[in-house]
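Summary of structural features
Each chain is listed here by its residues.
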Amino acid sequence: MAAAPPESQRQRPLWAVATLSVCTLGLYLLWWIGASWAEMKRELRDEGMHPFWHAVSLIVPIYGLFRVHAHYATINTMLTAAGASLRLRPGAMVVLVVLFGVLNRIVREDIPAVVWVPLALVATACAAGMVVHGQRGLNTYFQSLPDRTITPRVHPVEWIVIVVGAIIWVLALIGSSIPDEPASGTFV
């Protein structure tokens, strides 16, 4: 039999998951899917839930879309069981993950910075929206449980990722604003 869920639960602040999504260009989504699935596994006492494989499934074409839907549907099931009124929108999250994937594919092409920077920002906003939406559901779920102490905090590793990611974003934006040098032998 699985261990009982903890009496104290770390709550990820919504601003932190949004910032982590932006600072990692949306890659935090993969981490969050796995980490939140692990939390749900503990909470539901379901040994059949495999967080690592659940997160990796996002990169599998088509199947990953079903897993995204299942992720948010599971949070909805938990919200219903806890008596919370909030409901997530699994279908909308599938649309966002498709948009995220398409935009990331375009951004990888050899296109001018004036095009890729806005596309990267929109793709990142899609990922951030997905993570914030899901985390809001989980936070609401844990807050609705009468026997839980909720501790909102940002993990030290998350702080490091935020700082490093912010530096990378600043450098990328500065680098994209510097004009290309003319080819050698060309006079300006």
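Scroll up to find the structure this text is about.
Rules used throughout
- Residues numbered from 1 in each chain as written.
- Predicted model: local features only at pLDDT ≥ 70, side-chain atom pairs only at ≥ 80, totals over all residues.
- Heavy atoms only, no water.
- Core = buried A, V, L, I, M, F, W, Y, C linked by side-chain atoms within 4.5 Å.
- Buried < 20%, exposed > 50% of the residue type's maximum accessible area, 1.4 Å probe, protein only.
- Helix = DSSP H or I, 4+ residues; strand = E, 2+ residues; numbered from the N terminus.
- Contact = heavy atoms within 4.5 Å.
- Salt bridge = Lys/Arg side-chain N within 4 Å of Asp/Glu carboxyl O.

1. Looking at the nonpolar core
In terms of nonpolar packing, the biggest core is built from 35 residues, with Leu29, Trp32 and Val68 touching the most fellow members. For this core, the secondary-structure elements that each account for two or more residues are helix H1 (14-23), helix H2 (28-44), helix H4 (63-82), helix H5 (90-107) and helix H6 (113-143). The element that contributes the greatest number of residues to this core is H6, accounting for eight residues. Residues in contact with Trp32, not counting those within four places in the same chain, are Arg12, Trp37, His71, Tyr72, Ile75, Val131, Gly134, Gln135 and Leu138.

2. Here we look at the pattern of salt bridges
Going through the model one piece at a time under the given rule, you end up with two salt bridges. When the shortest N-O distance is used, the salt bridge between Arg12 and Glu39 registers 2.7 Å. Residue Arg12 is found in the loop between strand E1 (8-11) and H1, and its partner Glu39 is found in helix H2; the two are separated by 27 residues along the sequence. By relative accessible area, which is 8% here, Glu39 ends up buried. Ionic pairing is found between Lys41 and Glu47, a salt bridge with its closest N-O pair at 3.9 Å.

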